[in-house]
Amino acid sequence: MLIFDSGVGGLTVFREVAAARPDARYIYIADDAGFPYGNQPEDKLIARIVNVIGDAIAEHRPDLVVIACNTASVIALAELRKCYTVPFVGTVPAIKPACAQSQSKRIAVLGTQATVSREYTRALIREFAASCDVVLVGSPRLATIAELELSGLPVADADIAAEIAPCFVETDNRRTDTVVLACTHYPLLTARFRALAPWPVAWIDPAPAIARRVNDLLHEWKTAALEAPPLIVFTSGRSPPAPLAAALRGLGFS
Ligand code: DGL
């Protein structure tokens, strides 16, 4: 199975999927040579994602590809399905469950600028969040901050607090009580978000739902128990810095 992201954010999806299906063989592709996706023009991104994934499919012949990146999913999933026959599981903002569980009916969707500005995301809000007030927050920096954090270069509290501040809305005695983490990098920062939030909220990570979807799909196929450890490929060809290498070993990468 291929798991794809622009960087290390998709590891938040990988860890759930691999826990649900330890019998599958995983190749994780981090397109760090193209990172960050969230601030780039759409046509350039679609071409890049289709190429990088096409090369990975040709090389690794996966049975399934998980696009563990909201930005790539909302921008390129339709094109990927047109170009390749292998099944894809995408990651899209978890607006429906967030709206269903919100008590105050005021939620925030925190993603990259590309994800929150896409029609795909707006359509999810129209379809599933009619009963909620939704604030869309496009963060220019949080994905990079998450990359730095995992590489052992933690960013100052004030910088993170400034990025999440627009999620917290209070009017008519109703406060935001649920924040959709609409970028797979953000669950890497959940502990910091919790510590810096002006009031407690539920932070919705889509990874468990993706793992359930993958598990359902794999049930239809026979998978032989495989001994091979997961493999990670950085499109830049770089070697990860020591703290990231240690985190990768902790996740079972060789
Ligand atoms: N992890 C990605 C996402 O889920 C995007 C980060 C980026 O490349 O900007 O949207």
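Here, the structure is the one placed above.
Report follows, based on the coordinates. (Residues numbered from 1 in each chain as written. Predicted model: local features only at pLDDT ≥ 70, side-chain atom pairs only at ≥ 80, totals over all residues. Heavy atoms only, no water.)

Details of the overall build of the protein
Move 1: Helix and strand counts for the protein stand at 11 helices and 11 strands.
Move 2: The C-alpha atoms of the protein give 18 Å as radius of gyration, which agrees with the globular expectation for 254 residues (18 Å, within 12%).
Move 3: Its C-alpha atoms give the protein principal-axis dimensions of about 55 × 40 × 35 Å.
Move 4: Counting every position in the protein, which comprises 254 residues, the buried fraction comes to 51%.
Move 5: Sequence separation of at least 24 residues holds for 74% of the intrachain contacts in the protein that already meet a minimum separation of 6.
Move 6: As presented, the protein carries roughly 11,300 Å² of accessible surface, and 53% of it is formed by carbon and sulfur atoms.
Move 7: Taking the average place of the 24 positive charges on the side chains of the protein and the average place of its 26 negative ones, the gap between the two points comes to 2 Å. (Helix = DSSP H or I, 4+ residues; strand = E, 2+ residues; numbered from the N terminus. Rg over C-alpha atoms; globule rule 2.2 N^0.38 Å. Buried < 20%, exposed > 50% of the residue type's maximum accessible area, 1.4 Å probe, protein only. Contact = heavy atoms within 4.5 Å. Areas by Shrake-Rupley, 256 points an atom, 1.4 Å probe, with all protein chains shown as cover. Lys, Arg positive; Asp, Glu negative; His and termini not counted. Charge placed at Lys NZ, Arg CZ, Asp CG, Glu CD.)

A closer look at unusual backbone geometry
Move 1: The omega torsion across Phe 35 and Pro 36 is -5°, close enough to zero to call that bond cis.
Move 2: The residue Pro 36 is located in the loop between strand E2 (27-30) and helix H2 (42-60) in this model.
Move 3: One non-glycine residue, Lys 105, lies in positive phi territory at about 60°.

Notes on the site of the ligand
Move 1: Neighbouring residues of the ligand: 14 residues in total, closest Ser 6, Tyr 37, Asn 70, Thr 71 and His 185.
Move 2: Contacts to the ligand include Thr 71, whose side-chain N or O atom sits 2.6 Å from an oxygen atom.
Move 3: Taking Thr 184, its main chain carries an N or O atom lying 2.8 Å from an oxygen atom of the ligand.
Move 4: Protein chains bury 99% of the 300 Å² of accessible surface belonging to the ligand in isolation.
Move 5: Broken down by class, the residue content of the shell around the ligand amounts to 6 nonpolar, 7 polar and 1 charged. (Near = heavy atom within 4 Å. Polar contact = N/O pair within 3.5 Å; in protein donor to acceptor, adjacent residues only side chain to side chain. Nonpolar A, V, L, I, M, F, W, Y, C, P; charged D, E, K, R; others polar.)

A few points about the nonpolar core
Note that soluble globular proteins tend to have their nonpolar side chains buried in a common cluster.
Move 1: Within the largest apolar cluster, 28 residues are counted, with the highest numbers of intra-cluster contacts made by Met 1, Val 17, Val 66 and Val 214.
Move 2: Sorting the residues of this core by element identifies helix H1 (11-20), E2, helix H10 (207-219), strand E11 (231-234) and helix H11 (242-250) as the ones contributing at least two each.
Move 3: By residue number, the principal contributor to this core is H10, which donates 6 residues.
Move 4: What Val 66 contacts, discounting residues up to four positions off in sequence, is Met 1, Leu 2, Ile 3, Phe 4, Val 13, Val 89, Ile 210 and Val 214.
Move 5: Counting residues in hydrophobic clusters, the runner-up holds 24 residues, among them Ile 27, Ile 53, Val 65 and Ala 114. (Core = buried A, V, L, I, M, F, W, Y, C linked by side-chain atoms within 4.5 Å.)

Focus on the sheet that holds strand E5 (residues 106-111)
Move 1: The parallel open sheet is built from 4 strands, whose spatial order is E6-E5-E9-E10. In the strand order of this sheet, the two ends are held by strand E6 (133-138) and strand E10 (202-204), each with one partner. Adjacent strand axes in the sheet meet at a mean angle of 20° when their direction is disregarded. (Pairing = 2+ DSSP bridges. Axes fitted to C-alpha atoms, helices over the stretch in contact; angles between N-to-C directions.)

Regarding the pairing of E5
Move 1: For E5, the buried fraction is high: 6 of the 6 residues fall into the buried class.
Move 2: Side-chain alternation along E5 places Arg 106, Ala 108 and Leu 110 on one buried face and Ile 107, Val 109 and Gly 111 on a second face that is also buried.
Move 3: Relative to E6, E5 is paired through 6 bridges, and the arrangement is parallel. Counterpart to Ala 108 in the pairing with E6 is Val 135.
Move 4: Pairing of E5 with strand E9 (residues 178-182) involves 5 bridges; the strand directions are parallel.

Points about helix H3 (residues 70-83)
Every α-helix winds through 3.6 residues per turn, so residues three or four apart in the chain are directed the same way.
Move 1: For H3, spanning 14 residues, the distance from its first C-alpha to its last is 19 Å, which sits close to the expected 20 Å at 1.5 Å a residue.
Move 2: Three or more residues of H3 are buried, namely Asn 70, Thr 71, Ala 72, Ser 73, Val 74, Ile 75, Ala 76, Leu 77 and Leu 80. (Expected span 1.5 Å × (residues − 1).)

A few points about the pattern of salt bridges
Move 1: For the structure on display, the rule yields 11 salt bridges.
Move 2: As a salt-bridge pair, Arg 192 and Glu 149 come within 3.0 Å of each other at their nearest N and O atoms. In this pair, Arg 192 sits in helix H9 (residues 190-196) while Glu 149 sits in helix H7 (residues 142-150), placing the two residues 43 residues apart along the sequence.
Move 3: Among the salt bridges present, the one from Arg 175 reaches Glu 170, with a minimum N-O distance of 3.4 Å. (Salt bridge = Lys/Arg side-chain N within 4 Å of Asp/Glu carboxyl O.)

Concerning the pairing of E2
Walk down a regular strand and you will see the side chains alternate between the two sheet faces.
Move 1: Residues of E2 alternate between two faces, with Ile 27 and Ile 29 on one and Tyr 28 and Ala 30 on the opposite face, all of them buried.
Move 2: In terms of strand pairing, strand E1 (residues 2-5) meets E2 through 4 bridges, oriented parallel. The residue of E2 that forms the bridge with Ile 3 is Tyr 28.

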